[in-house]
Amino acid sequence: MRKTFRYRLYPTKAQAEALTGQLREACTMYNAALQERRDAWRIAKKSIGYQDQANQLKEIRAEGFTGLANYSCCQQVLRRLDKAFQAFFRRLKTGDTPGFPRFKPHQRFDSIDFTNGDGCRLQKNGKLRVQGVGHIKVKLHRPLEGVTKMIAVKRDAGKWYACFSVEVEPKPLAPSATTVGIDVGLESFAVLSDDTVVNNPRHYKHAQAALRIAQRRVARRKKGGKGRKKAVAVLQGAHAHVKNQRLDFQHKLANDLVQRFGVIAIEELNIKGLAGGMLAKSVHDAGWSGFFQKLAYKAESAGRSLVKVDPRGTSQRCSRCGGEVRKELKDRWHECHACGLSVSRDFNSAVEILRLGLSLVSLTWPVTVCVGTEAVCLS
Ligand SMILES: [Zn+2]
């Protein structure tokens, strides 16, 4: 399975300039390739594919029209554009109204990709050799595992990183008969079926005051001035900090769940639908999709089962007797008149999600789930 390792790079001033130059060249190529596809379509109603563009690379490079040092790196730029087009056509087919792939400003073109060993390689001395740039100092804060396939060199908020995409063998944990259902919500980040409440860290909300000040400072500085550049750097740094906090939180929680439980049941969420509504900011801030992604690959690697259940009705059904208990979004308590179960709404949902999840996996051991204060045998 694939895994990514991200390391901070410490280029010298000259190397940083060279890296910036490489990004610029990649961006220029991306935009030129996009222009070519647009023109071909507009003028001749002809569609140009990746291979058509890749076939021109040799000549373009021989004529010295690009400063992008590595050949496979050029191919990757064209592949990235091709992916953008494929996504565009895929969405057209499904009846969406996607935006046509856009030209990118060089400030926003933040990464170049290499096939490992072709133009980019981690040297024995622990430095990263990047063709056209040199040997860059890397901080390997944890050992690189597996077989490296691709390396992306990235710029993020003024800092440089190397992202190694590696193929690793899964590392199964000892089997476990413990199970958990997870209900994600806005009030708390998640409620587990063992009645643990994972609080919502709301990093973005907490940082909002600082972000607003940084944003205002950018707006007040003169465009193109030195002061504005500095203010932008501060703002980007503040955003990067929030992002890192969120990722850290997600990784730790996912690790913890995978360590503790053999079967993990979650809802299949329509996050896209949710994120369009009035709670958009909160939904994005919570970052459930990122969390579920991490949970999925960690569970796969550890040999745990992750089951996704149909979310419809999970909050309206009683987890003990299966009866319907109608609730509005504001009703935070589950009160079943049929069987007398009286628990918090999210906890009831979590248990219901677990029940649905277990009905989807075939289990070879008896599973005991705690509902309220009673133990209920489910199989
Ligand atoms: Zn009930």
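Scroll up a little and you will see the structure.
This write-up is about the structure you can find in this document. (Residues numbered from 1 in each chain as written. Predicted model: local features only at pLDDT ≥ 70, side-chain atom pairs only at ≥ 80, totals over all residues. Heavy atoms only, no water.)

Here's the deal with the pattern of salt bridges
Inference 1: One pass over the full model with this rule turns up 17 salt bridges.
Inference 2: Ionic pairing is found between Arg 42 and Asp 39, a salt bridge with its closest N-O pair at 3.6 Å. Of this pair, Arg 42 and Asp 39 both sit in helix α1 (residues 13–44), 3 residues apart, which is roughly one turn of that helix.
Inference 3: You can call Arg 42 exposed: its relative accessible area is 60%.
Inference 4: Residue Asp 39 is classed as partly exposed on the basis of its relative accessible area, which comes to 24%.
Inference 5: Between Asp 96 and Arg 91 there is a salt bridge, and its shortest N-O distance comes to 3.2 Å.
Inference 6: In this structure Asp 96 comes out as partly exposed when scored by relative accessible area, which is 28%.
Inference 7: Residue classification places Arg 91 among the partly exposed residues on the basis of a relative accessible area of 38%. (Salt bridge = Lys/Arg side-chain N within 4 Å of Asp/Glu carboxyl O. Helix = DSSP H or I, 4+ residues; strand = E, 2+ residues; numbered from the N terminus. Buried < 20%, exposed > 50% of the residue type's maximum accessible area, 1.4 Å probe, protein only.)

Re the packing of aromatic side chains
Inference 1: This model, assessed by the stated rule, comprises 10 aromatic pairs.
Inference 2: Between the aromatic rings of Phe 189 and Phe 291, the centroid separation amounts to 5.3 Å while the plane-to-plane angle is 80°, which identifies the pairing as edge-to-face. Of this pair, Phe 189 sits in the loop between β8 (179–184) and β9 (190–192) while Phe 291 sits in helix α9 (residues 288–302), and the two are 102 residues apart along the sequence. Accessibility assignment for this pair places Phe 189 and Phe 291 in one class, buried.
Inference 3: By way of ring pairs, the aromatic residues Phe 85, Phe 88, Phe 89 and Phe 100 are connected into one cluster. (Phe/Tyr/Trp six-rings, centres within 6.5 Å; stacked < 30°, edge-to-face > 60°.)

Some remarks on a positive patch on the surface
Inference 1: There is a patch of like positive charges on the surface, built from Arg 212, Arg 216, Arg 217, Arg 220 and Arg 221.
Inference 2: Within the secondary structure layout, Arg 217 lies in helix α5 (residues 203–220). (Patch = residues over 30% accessible without salt bridge, like charges linked within 9 Å, V, L, I, M, F, W, Y side chains within 5 Å. Areas by Shrake-Rupley, 256 points an atom, 1.4 Å probe, with all protein chains shown as cover. Lys, Arg positive; Asp, Glu negative; His and termini not counted. Charge placed at Lys NZ, Arg CZ, Asp CG, Glu CD.)

Brief notes about the sheet that holds strand β6 (residues 147–156)
Backbone-to-backbone hydrogen bonds join strands into a sheet, with any given pair of strands oriented parallel or antiparallel.
Inference 1: Across the sheet, which stays open at both edges, the 7 strands sit in the order β2-β6-β7-β1-β5-β4-β3 with antiparallel pairing between neighbours. The outermost strands of the open sheet, each flanked by one partner alone, are β2 (111–115) and β3 (120–122). Mean inter-strand twist for the sheet, computed between neighbouring axes without regard to direction, equals 30°.
Inference 2: Where strand β1 (residues 2–10) lies against strand β5 (residues 134–139), 3 bridges are found, and the strand directions are antiparallel. For Tyr 10, the partnering residue across the bridge sits in β5 and is Lys 137. (Pairing = 2+ DSSP bridges. Axes fitted to C-alpha atoms, helices over the stretch in contact; angles between N-to-C directions.)

Looking at α1
Inference 1: Between the first and last C-alpha of α1 there are 46 Å, a value that for 32 residues agrees with the 46 Å anticipated at 1.5 Å per step.
Inference 2: Two residues or fewer past α1, Lys 45 is found with a positive phi of approximately 50°. (Expected span 1.5 Å × (residues − 1).)

Here we look at the pairing of β2
Inference 1: Taking burial as the measure, the 5 residues of β2 include 4 buried ones, the bulk of the element.
Inference 2: Direction of pairing for β2 relative to β6: antiparallel, over a ladder of 5 bridges. For Asp 113, the partnering residue across the bridge sits in β6 and is Ala 152.

Section: the sheet that holds strand β11 (residues 263–267)
Inference 1: What the 5 strands build is an open sheet, ordered β10-β9-β8-β11-β12; its pairing is mixed. Both edges of this open sheet fall to β10 (197–198) and β12 (305–309), since each of them pairs with a single strand only.
Inference 2: Alignment of β9 against β10, held across 2 bridges, turns out to be antiparallel. Counted as the bridge partner of Val 191 is Val 197 from β10.
Inference 3: Along the sheet, α9 makes contact with β8, β11 and β12, crossing β11 at roughly 155°. (Contact = heavy atoms within 4.5 Å.)

Nothing here speaks to function; it is geometry throughout.
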